[in-house]
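One-letter residues, chain by chain:
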Amino acid sequence: MNVVVATSNTGKIREIEEALQGTGWALGPLGNVPLPEETGATYEENAALKACAAALITGRPALADDSGIEVEALQGEPGVYSARYGNRDSDVERNVYLLEKLRGEKNRRAKFVSVVILAYPDGHLETYRGELHGTLLEGPRGANGFGYDPLFVPDGDTRTLAELTVAEKRAISHRGRALAALRDAHRSGLPERDITPIL
Ligand SMILES: O=c1[nH]cnc2c1ncn2[C@@H]1O[C@H](COP(=O)(O)OP(=O)(O)O)[C@@H](O)[C@H]1O
Ligand SMILES: [Mg+2]
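Calculation criteria
Residues numbered from 1 in each chain as written. Chains lettered and ligands numbered in written order. Predicted model: local features only at pLDDT ≥ 70, side-chain atom pairs only at ≥ 80, totals over all residues. Heavy atoms only, no water. UniProt positions renumbered as here; feature names shortened; annotations may be inferred. Near = heavy atom within 4 Å. Polar contact = N/O pair within 3.5 Å; in protein donor to acceptor, adjacent residues only side chain to side chain. Areas by Shrake-Rupley, 256 points an atom, 1.4 Å probe, with all protein chains shown as cover. 1 Å grid on protein atoms, 1.4 Å probe; cavity = no way out; pocket = protein on both sides within 12 Å on 5 of 7 lines; lining within 4 Å. Sits in = over half its atoms within 2 Å of the grid points. Helix = DSSP H or I, 4+ residues; strand = E, 2+ residues; numbered from the N terminus. Nonpolar A, V, L, I, M, F, W, Y, C, P; charged D, E, K, R; others polar. Buried < 20%, exposed > 50% of the residue type's maximum accessible area, 1.4 Å probe, protein only. Arc of directions from axis to C-beta. Contact = heavy atoms within 4.5 Å. Points joined across faces, edges and corners; volume = space filled by probe spheres on them. Phe/Tyr/Trp six-rings, centres within 6.5 Å; stacked < 30°, edge-to-face > 60°. Donors = N, O, S within 2.8 Å, 3.2 Å for Na, K, Ca; no water. Pairing = 2+ DSSP bridges. Right-handed = clockwise from strand over helix to strand, strands pointing away.

The protein goes by dITP/XTP pyrophosphatase in an unreviewed UniProt entry, where it is assigned to Deinococcus sedimenti. On record in UniProt, under Sequence similarities (unreviewed entry), the comment for the protein is "Belongs to the HAM1 NTPase family."

And the structure:
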């Protein structure tokens with residue numbers, strides 16, 4: 001079964017490909033298909049927007065992840081707005097912005113959330129969610145991963161997510177957990193759905 005991965009975030013693509021190795025699924029890139037604006041108020045809404053658009057346009061089942069980091073001392077910010085936090089354009093600038101916001105703050109607790117949705121062209125949706133709790137450092141460490149990984153030390157480890165390999169991160173991460181649940185649900189392959197587009 002050909003599954004389209006509905007994201008242009010290369011960090012996510014790498015993690016999704018690694019996590020679904022051995023499933024026999026042929027993961028394909030989205031190509032030139034434009035993704036809709038993330039106008040939803042929840043990860044679920046945004047992931048559904050992205051996955052449905054890709055499934056309808058390509059006629060294939062499509063996988064999308066919407067995710068973010070929720071910082072306790074910032075009342076859960078930036079959450080669904082993590083990708084454009086502070087209107088900053090790059091991961092490094094967003095990390096600097098977050099560190100500034102937390103300067104002098106003792107409570108460094110945070111969690112990552114990932115919602116993975118597999119959408120079929122007939123409108124059927126499957127939703128999987130994962131979370132990862134940890135603490136934020138006062139400066140970046142490590143060169144792997146993406147986004148806020150260099151600032152985040154998961155509970156039970158002393159390294160940041162950016163100091164883990166892709167496989168180590170997958171074993172504990174929000175996205176890794178959501179994708180493991182997706183894998184479990186499809187132990188006997190993707191369902192043979194009628195994939196006639198609804199539009
Ligand atoms: O595993 C992760 N590590 C570090 N940062 C993450 C992770 N997952 C999500 N994020 C942050 O949350 C943002 C989520 O972005 P979103 O899912 O809206 O769209 P995107 O696919 O366009 O990046 C990422 O850009 C990143 O900054
Ligand atoms: Mg988003």
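Next comes the rest of the description.
### Thoughts on the site of ligand 1
In the vicinity of ligand 1 there are 19 residues, among which Lys-12, Asp-149, Lys-169, His-174 and Arg-175 approach most closely. Ser-67 places a polar main-chain atom, nitrogen or oxygen, 3.2 Å from an oxygen atom of ligand 1. At 3.1 Å from a nitrogen atom of ligand 1 is found a main-chain nitrogen or oxygen belonging to Tyr-148. Computed on the free molecule, ligand 1 has an accessible area of 550 Å², of which 91% lies beneath the protein chains in the complex. Taken atom by atom, the bulk of ligand 1 overlaps the largest pocket. Contributing elements (two or more residues each) for the shell around ligand 1: strand E3 (62-71) and helix H5 (174-185). Counting residues per element, the shell around ligand 1 draws most heavily on E3, at 4 residues. Residue composition of the shell around ligand 1, grouped by class: 4 nonpolar, 7 polar and 8 charged.

### Side note on helix H1 (residues 10-19)
Each full turn of the α-helix corresponds to 3.6 residues, which orients residues three or four apart in the same direction. What H1 keeps buried is the set Gly-11, Lys-12, Glu-15, Ile-16, Glu-18 and Ala-19. Viewed along the axis of H1, the buried residues span an arc of 165°, placing them on a single side of the element. Elements in contact with the buried residues of H1: strand E1 (2-5), strand E2 (26-29), helix H2 (43-58), E3, helix H4 (166-172) and H5. Structurally, the start of H1 carries an N-cap: the backbone nitrogen of Gly-11 is 2.9 Å from a side-chain oxygen of Asn-9.

### Considerations on empty space enclosed by the protein
With a probe scaled to a water molecule rolled over the atoms, the places where space remains empty come into view. The final tally for this structure, using the stated rule, is 1 cavity of 30 Å³ or more. Reported here for the largest cavity is a volume of approximately 50 Å³. Every residue lining the largest cavity is listed: Glu-15, Ala-19, Val-166, Lys-169, Arg-170, Ser-173, Arg-175, Gly-176 and Leu-179. For the lining of the largest cavity, the secondary structure elements donating two or more residues are H1, H4 and H5. Taken together, the residues of the lining of the largest cavity break down into 3 nonpolar, 2 polar and 4 charged.

### Quick look at the packing of aromatic side chains
Using the criterion set out here, one finds 2 aromatic pairs in the structure. Summarising the aromatic geometry, the rings of Tyr-85 and Tyr-97 are spaced 4.8 Å apart at their centres and angled 85° between planes, so their arrangement reads as edge-to-face. In this pair, Tyr-85 is assigned in the loop between E3 and helix H3 (91-101) and Tyr-97 in helix H3, connecting sequence segments 12 residues apart. Classification of Tyr-85 by relative accessible area gives buried; the value is 6%.

### Remarks on the coordination of the magnesium ion (ligand 2)
Coordination of the magnesium ion (ligand 2) by the protein is provided by Glu-38 (OE) and Asp-66 (OD), with metal-donor distances spanning 2.0 to 2.3 Å. One end of the pair, Glu-38, is in the loop between E2 and H2; the other, Asp-66, is in strand E3, with 28 residues separating them in the sequence. Glu-38 sits in the partly exposed class, given a relative accessible area of 23%. What makes Asp-66 buried here is its relative accessible area of 3%.

### Overview of the pairing of E2
Along a regular strand, successive side chains alternate from one face of the sheet to the other. Both E1 and E2 contribute to a ladder of 4 bridges, which runs parallel. Bridge pairing in E2 links Val-4 to Gly-28. Following the backbone out of E1, through H1 and into the adjacent parallel E2, one traces a crossover that is right-handed.

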